[in-house]
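Each chain, written out:
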Amino acid sequence: EAQVTQNPRYLITVTGKKLTVTCSQNMNHEYMSWYRQDPGLGLRQIYYSMNVEVTDKGDVPEGYKVSRKEKRNFPLILESPSPNQTSLYFCASSPGQTTGELFFGEGSRLTVL
Amino acid sequence: KNEVEQSPQNLTAQEGEFITINCSYSVGISALHWLQQHPGGGIVSLFMLSSGKKKHGRLIATINIQEKHSSLHITASHPRDSAVYICAVIFNGNQFYFGTGTSLTVIP
């Protein structure tokens, strides 16, 4: 089954404790991206990757890091989480940035205390 | 400034009604997506458009590049269509920008 898998789905952590949200896709997609969704602000893009070893900043990259060492994986790293990073996070993939539909993961709800 | 505006913000319809959701954007785009988000949070891609019109079942999406405008139509609406519909665009660059969504409720 074609899917994008994110883990963890839910996480409560404390300020400053490094965490990684994993994202994996099984569709051989070149394009992968991370988004956060906040009430009143909607979805905003954090980082995206056009292909392996190619990543770029989205609209709200501050406080986040990503890497794309393999085509299927695109982890989101919060080196020193802060309460303003409490949000619902989505990973998505597509064949190319402007080709094909976007496939979203189920979302990861992160709370930073 | 790259802006995406959706209207209406909220929409309530009776089952069977024809529904239109609109999306306008400020500058030229590479592509536009329509997304659906059900209560509980999962997001599904409905359409990707760069020109013209696409149809899938009861859903129709159109885009007018010159007018910088796209519409999502739902024919013969059903309660299971109740969701938030989100317009997402890629401006002539590489980033995605999103509308704030249209919350649709279809009453039986």
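Preceding this section is the structure that the text describes.
Position labels on residues start from 1 in each chain and follow its written sequence. Lettering for chains starts from A, numbering for ligands starts from 1, and both go in the order in which the items are written. Under the rules for a predicted model, residues below a pLDDT of 70 receive no local features and side-chain atom pairs below 80 are neither given nor counted, while totals for whole chains, interfaces and linings still include all residues. The basis for every side-chain value is the complete set of non-hydrogen atoms in the structure, without hydrogens or water.

Asks: Can you help me understand the pattern of salt bridges in this one?
Replies: Side chains that differ in charge, positive against negative, can pair when their charged atoms come close. Salt bridge criterion: a side-chain nitrogen from Lys or Arg within 4 Å of a carboxyl oxygen from Asp or Glu. For the structure on display, the rule yields six salt bridges over all chains. Glu106(A) is the salt-bridge partner of Arg9(A), the closest N and O atoms lying 3.2 Å from each other. Placement of the pair is Arg9(A) in the loop between β1 (4-7) and β2 (10-13) and Glu106(A) in the loop between β10 (103-104) and β11 (108-112), with a sequence separation of 97 residues. Exposure remark for Arg9(A): the relative accessible area of 29% places this residue in the partly exposed category. Across the pair Arg58(B) and Asp81(B) runs a salt bridge whose closest N-O atoms are separated by 2.8 Å. Of this pair, Arg58(B) sits in the loop between β6 (52-56) and β7 (59-64) while Asp81(B) sits in the loop between β8 (69-74) and β9 (83-91), and the two are 23 residues apart along the sequence. Throughout this description, buried means an accessible area under 20% of the type-specific maximum (1.4 Å probe, protein chains only), exposed means over 50%, and partly exposed covers the range between. For Arg58(B), a relative accessible area of 25% translates into the label partly exposed. Take Asp81(B): its relative accessible area is 6%, and that puts it in the buried class. Counting from the N terminus, the helices are DSSP H or I runs at least four residues long and the strands are E runs at least two residues long.

Asks: Explain the nonpolar core here, please?
Replies: Side chains of nonpolar character tend, in soluble globular proteins, to be buried together. Leu32(B), Trp34(B), Leu72(B), Tyr85(B) and Val89(B) are the most contacted members of the largest nonpolar core, which totals 25 residues. Element by element, the count of residues in this core is highest for β9(B), at five residues. Note on contacts: a residue pair is in contact if any heavy atoms of the two residues lie within 4.5 Å. Setting aside residues up to four positions removed in sequence, Tyr85(B) forms contacts with Gln6(B), Ile21(B), Leu35(B), Gln36(B), Leu46(B), Leu72(B), Ile74(B), Gly101(B), Thr102(B) and Leu104(B). One finds Trp34(A), Val66(A), Tyr89(A) and Cys91(A) within the second-largest nonpolar core, a separate group that totals 19 residues. We call a set of buried residues a nonpolar core when its members are Ala, Val, Leu, Ile, Met, Phe, Trp, Tyr or Cys and they connect through side-chain atoms within 4.5 Å of each other.

Asks: Hey, could you run me through the sheet that holds β8(B) in this one?
Replies: In a beta sheet, neighbouring strands pair by backbone hydrogen bonds and run either parallel or antiparallel. Residue and element names in this part refer to chain B. At least two bridges found by DSSP between two strands is the condition for calling them paired. Judged by pairing direction, the sheet is antiparallel, and its five strands sit side by side in the order β1-β3-β8-β7-β6 without closing on themselves. Two strands in the sheet have a free side with no partner beyond their single neighbour: β1 (4-7) and β6. This sheet shows a mean twist of 15° between the axes of neighbouring strands, independent of strand direction. As paired elements, β1 and strand β3 (residues 19-25) share four bridges and run antiparallel to each other. Residue Ser 7 lies in a different strand from β3, and its bridge partner there is Asn 22. Each axis is a line fitted through C-alpha atoms, taken for helices only over the stretch in contact, and angles between the N-to-C directions span 0 to 180 degrees.

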